[in-house]
Amino acid sequence: MKLDRRQILLGGAGAAAGLVLPGGAAWAQTPASIGTFPDGVTADSVFVGLTIPLTGVFSGDGGDLKLGYELAISEINAGGDAAKKWGLQGKGVLGRQIRYKVSDTEGKPNLDVQSATQFIQRDKAIMLAGSVSSASAIALEELGSREKVLYMVGIAGSNDITGKNCQRYGFRSQQNAYMAAKALAPVVAKALGKNMKTAFLVPDYTYGHTVYDSFAKFSKEQGWQQVAKEVVPLGTTDYSSALLNIANSGADVFVNIAFGADAVASTKQAEQFGVLKKMKLVVPNLSSFQDKELGAEIMQGVYGSCDFWWTLSDRYPLAKGFVDAFVAKNKYHPRWGAHIGYMQTYLWAMTVERVKSFNPVEVIKAMEASKEQPYETTIGKVYFRAEDHQMVRPIPILRGKAPAEMKGPEDYYEIVDVAEGESVMNPPDLFGCKLGPYT
Amino acid sequence: MPSWPALASQAFNGLALGSLLALVSSGLTIILGTLGVLNFAHGALFAVGAYAAFVMLQYTQSFLLAIAVGCGFMLVLGFLLERLIIRFFYGRPHEDQILVTYGIGIVLVECVRAVFGGNAQRVPTPSWGQGATQLGFLIYPTYRLQLIAIIATLLVGLYLVLYRTSMGLVVRAGIENPGMVGILGINLRRTFLLVFAIGVVAVGLAGMLYAPVVAVTPDMGANFMAQSFVVIVLGGLGSFPGAVVGGLIAGEIVSLTSAFNSSYSEVMLYALMALLLVLRPQGLFGSEGRV
């Protein structure tokens, strides 16, 4: 194994105690005690607090996310082949078993903060993870930075997470709305044609608006022209009046930004209004279980992007390991929620082993420096950008398969392209990110 | 300014949307108007109805049969809830009724989630309702057109049973003076039981009929409950004709506002409700002092 300067500096006695000896000017500011460190590191275990909505509107995605975390934690604790392939050594992280608790936060940011605070104070959590909404992620990021506990963002697509609400102690692996739109627009324009007329359905909250802004911008660059924009409240159940306008707009493409159960209801109703017969459907961010919930009859031909699709296992060996283990354990193919939980847990464990310390300041600095030493993951080589903690990563672009094309019950999408990460990144200061202090 | 065809399309859509809202609200208003119980488990029962249709459809493969069996299931559920819990709350303050029904709602939703998980279930449009129908200048989903007729029939039927038979009279008299009604030799217990169960069936049936249109998830009822409250406040608390008219007005407001700007449709609905509460606190068809 190739050792770099940092690992040599951080080795030795300090690692054995789980503490770090200061070495070199760059590390001079690292405090020996910060947040839950070192209190939360015992001789044989550390605690990880997971705040996940298991009830409420996000419970479907939350359940998937939870299974992703649990798979990663059990693999890491077992220290078998799976963990070795990620480059981890021995059982657990730095020889410590990961203990964890899941708190059902119902997707409400105040409950996220309440549970995470308990995890920090009662359990001395060394790392926090979870969230299925951008609002929750923003609240948890702020809490983590205030309490100096690392927070690995769960499902959250808004530009704000690594934009105006970015925090020193938060890292996001999912692509933001800007990246998704920039990756998707050229692919759909190539597939469906330039100079198309578009009708947008936009849910009225931060996620909906940032996704709309980004996709409208990049589709316009492809010569697409907007002819309708229907803004609807979050959680709308009957979209008939908005869909009537869309049906009569003369658009060629229906861009549906609604998410989760809203995506299911609006797409189902669009089909009933004959919209899907007249227009091609584009979904900038596909919801986790949208495929199964709507069925291939409706989803065939849809273009969209998401964090991960299970057939990426043909391209990346670690993805194959993940998908196979997940299917064996949970009897269904993981959606991208599970993938985020799984990958984020491994990324944290790998970084801790890189710096040979659970000290959050060390871990954060190593993640910020990951461009020089990228992580090998389920989606190939990735790194966190130092300026805003957004992961630079490839983005799969999917097309819904017709029922006849499907090779299995969950073979809903074909991967038409995997956009290269560097080419779709926003300038780091575009959304006003100012990371706070380390200490 | 939207074109006349666009406005006319939205006005028609308002009628369809309104009839659905009227049906969804009818179960709430039956229980409130006759038994005086504000049923906060309304949304949960709506979801249970939709899931009942989903399950029965798996077994029967026939939408009509699924609805028939589903109604039977809702009737039994209504009987059980009334006998085991609700009957102890007729004489209690509204706060107690709200708390207990709210609790029932949480338990029902979480039971549904425990069995079926949090993801949306697929309830396809019945074969006789598929596709869209051309109506002059507008294309409208066939199933929604059929729903208007189905709902109109159901609402008339419910009205006749509850307000044009002696049952409704007995219930209302029983709420005012149970002792006297008892002395007259009328079995109040059975009548209350039946009315509550009819209310539960009505909301469950709304869930079943709406299942092919919306996303069937455990939490699907939450929004419908909020809308139902707006509708019955508009129409007058506990008034059955009020729920129907309130539903139609709500549907028209949402739809016509959408012709101009869909993001204001819900705001307009609540604005109208607030205005009505100022000008006519008892609602359009409500009588002062009742409920």
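How each quantity is defined
Residues numbered from 1 in each chain as written. Chains lettered and ligands numbered in written order. Predicted model: local features only at pLDDT ≥ 70, side-chain atom pairs only at ≥ 80, totals over all residues. Helix = DSSP H or I, 4+ residues; strand = E, 2+ residues; numbered from the N terminus. Rg over C-alpha atoms; globule rule 2.2 N^0.38 Å. Buried ≥ 20, exposed ≤ 12 C-beta atoms within 10 Å, placed from the backbone. Contact = placed C-beta atoms within 7 Å. Expected span 1.5 Å × (residues − 1). Core = buried A, V, L, I, M, F, W, Y, C linked by C-beta atoms within 7 Å. Domains from an automatic or database assignment. Pairing = 2+ DSSP bridges. UniProt positions renumbered as here; feature names shortened; annotations may be inferred. pLDDT = per-residue confidence, 0-100. Nonpolar A, V, L, I, M, F, W, Y, C, P; charged D, E, K, R; others polar. Axes fitted to C-alpha atoms, helices over the stretch in contact; angles between N-to-C directions. Parallel < 35°, antiparallel > 145°, perpendicular 65-115°, else oblique. Left-handed = near helix turned anticlockwise from the far one by under 90°. Right-handed = clockwise from strand over helix to strand, strands pointing away.

So, on to the overall build of chain B. The helix and strand tally for chain B stands at eleven helices and two strands. Listing the helices and strands of chain B from first to last along the sequence gives α-α-α-α-β-β-α-α-α-α-α-α-α. Its C-alpha radius of gyration of 19 Å places chain B within 12% of the 19 Å reference for a compact globule of 291 residues. C-alpha atoms of chain B, sized along the principal axes, occupy 65 × 50 × 30 Å. Across the 291 residues of chain B, 52% fall into the buried class. Restricting to contacts in chain B with at least 6 residues of sequence separation, those with at least 24 account for 76%.

Moving on, we come to helix α8 (residues 206-221) of chain A. All names here are of chain A. Look at α8: 23 Å from first C-alpha to last across 16 residues, which is about the 22 Å you get at 1.5 Å a residue. Listing the buried residues of α8 in full gives Y207, G208, T210, V211, Y212, S214, F215, F218 and S219. On its buried side, α8 packs onto α6 (134-147), α7 (177-192), β6 (197-203), β8 (253-256) and β9 (280-285). The first or second residue beyond α8 is G223, which carries a positive phi of 90°.

Next up on the list: the nonpolar core. By size, the foremost hydrophobic cluster in this structure holds 237 residues, and its most contacted members are I246 and F254 of chain A together with A50 and A53 of chain B. Per-element accounting of this core gives the leading share, 14 residues, to helix α8 (residues 188-210) of chain B. The residue makeup of this core includes at least three contributed by each of domain 1 (5-175 + 313-392) and domain 2 (178-306 + 395-423) of chain A. Among residues more than four places away in sequence, those in contact with F254 of chain A are A199, I246, A270, V275, M279 and L281 of chain A.

Let's shift gears to the sheet that holds strand β13 (residues 391-392) of chain A. Residue and element names in this part refer to chain A. If you trace the three strands from one edge of the open sheet to the other, you get β11-β12-β13, paired in antiparallel fashion. What marks the edges here is a single partner per strand, and that holds for β11 (375-377) and β13. Of the pairings in the sheet, the one linking β11 to strand β12 (residues 380-384) comprises three bridges and is antiparallel in character. Note that in β12 the partner of T377 across the bridge is G380.

What follows deals with the UniProt feature "transmembrane region" (unreviewed entry) in chain B. Residues and elements named next belong to chain B. Within this structure's numbering, the places UniProt gives as "transmembrane region" (unreviewed entry) are residues 12-33, 40-57, 63-86, 98-116, 143-162, 192-211, 231-255 and 267-285. End C-alpha to end C-alpha, residues 12-33 measures 29 Å, and it is 100% helix and 0% strand. Along residues 40-57, the helical share is 89% and the strand share 0%, with 27 Å between the first and last C-alpha atoms.

It is worth spelling out unusual backbone geometry at this point. Each neighbour pair has its own omega, and for F37 of chain A with P38 of chain A the value is 0°, a cis peptide bond. Structurally, P38 of chain A is set in the loop between α2 (13-16) and β1 (45-52). Even without being a glycine, H389 of chain A presents a positive backbone phi close to 65°. Within the fold, H389 of chain A resides in the loop between β12 and β13. Positive phi is not limited to glycine here, since Q61 of chain B has a value of about 60°. Tracing the backbone shows Q61 of chain B in the loop between α2 (42-60) and α3 (63-84).

What follows concerns the confidence of the model for chain A. Averaged over all residues, the pLDDT of chain A is 91; the fraction at 70 or higher stands at 94%. In the predicted structure, residues 8-27 of chain A sits below a pLDDT of 50 and forms 29 contacts with residues beyond four places in sequence or in another chain.

Turning our attention to the domain arrangement of chain A. Residue and element names in this part refer to chain A. Parsing chain A into structural domains produces domain 1 (5-175 + 313-392) and domain 2 (178-306 + 395-423). With centres defined by C-alpha atoms, the gap from domain 1 to domain 2 works out at 31 Å. No other element matches helix α3 (residues 59-78), which puts three residues into the side of domain 1 that touches domain 2. The residue inventory of the side of domain 1 that touches domain 2, partitioned by class, reads five nonpolar, eight polar and four charged.

Across the contact, 32 residues belong to chain A and 32 residues belong to chain B. Listing elements by their share of the side of chain A that touches chain B, those giving two or more residues are α3, β7 (225-232), α9 (240-247) and α10 (261-272) of chain A. In terms of residue class, the side of chain A that touches chain B is made up of twelve nonpolar, 15 polar and five charged.

Residues and elements named next belong to chain B. In the contact formed by α2 and helix α4 (residues 94-116), the axes pass within 8 Å of each other and the chain directions differ by 30°. Accordingly, the angle class assigned to the pair α2 and α4 is roughly parallel. Like other packed secondary-structure pairs, α2 and α4 cross with a definite hand, here left-handed. Contacts from G43, A44, L45, A47, V48 and Y51 in α2 reach G105, L108, V109, V112 and F116 in α4. For the contact of α2 with α4, the per-class residue count stands at nine nonpolar, two polar and no charged.

Residues and elements named next belong to chain A. Residues M127 and A129 point to one face of strand β3 (residues 127-130) and L128 and G130 to the other, with burial holding for every one of them. Here β3 pairs with strand β4 (residues 150-153) via four bridges, running parallel. Along β4, the bridge assignment pairs M127 with L150. Read as a crossover between parallel neighbours, the route from β3 over α6 to β4 is right-handed.

A separate point is α4 of chain B. End to end, α4 of chain B covers 33 Å across 23 residues, agreeing with the expected 33 Å (1.5 Å per residue, within 8%). Among the residues making up α4 of chain B, those that are buried are Q97, T101, G105, L108, V109, V112 and R113 of chain B. Buried residues belonging to α4 of chain B abut α3 of chain A together with α2 of chain B. Positive backbone phi, approximately 80°, marks G117 of chain B, located one or two places after α4 of chain B.

On to the sheet that holds β7 of chain A. Residue and element names in this part refer to chain A. Across the sheet, which stays open at both edges, the seven strands sit in the order β7-β6-β8-β9-β10-β14-β15 with mixed pairing between neighbours. The open sheet has two edge strands with one neighbour each: β7 and β15 (413-419). Across the sheet, the mean angle separating the axes of adjacent strands is 20° when strand polarity is ignored. As defined by bridge partners, β6 adjoins β7 across seven bridges and the pair is classed as parallel. Pairing of K197 across the sheet is with Q225, part of β7. Set on the sheet, α10 makes contact with β6, β8 and β9; between it and β8 the angle comes to about 160°.

Residue and element names in this part refer to chain A. Among the structural elements, F218 can be located in helix α8. We classify F218 as buried; it has 22 C-beta atoms within 10 Å. F218 sits 163 residues away from K381 along the chain, and the two C-alpha atoms are 26 Å apart. Those residues in contact with F218, other than ones at most four positions away along the chain, are A181, K182 and A185.

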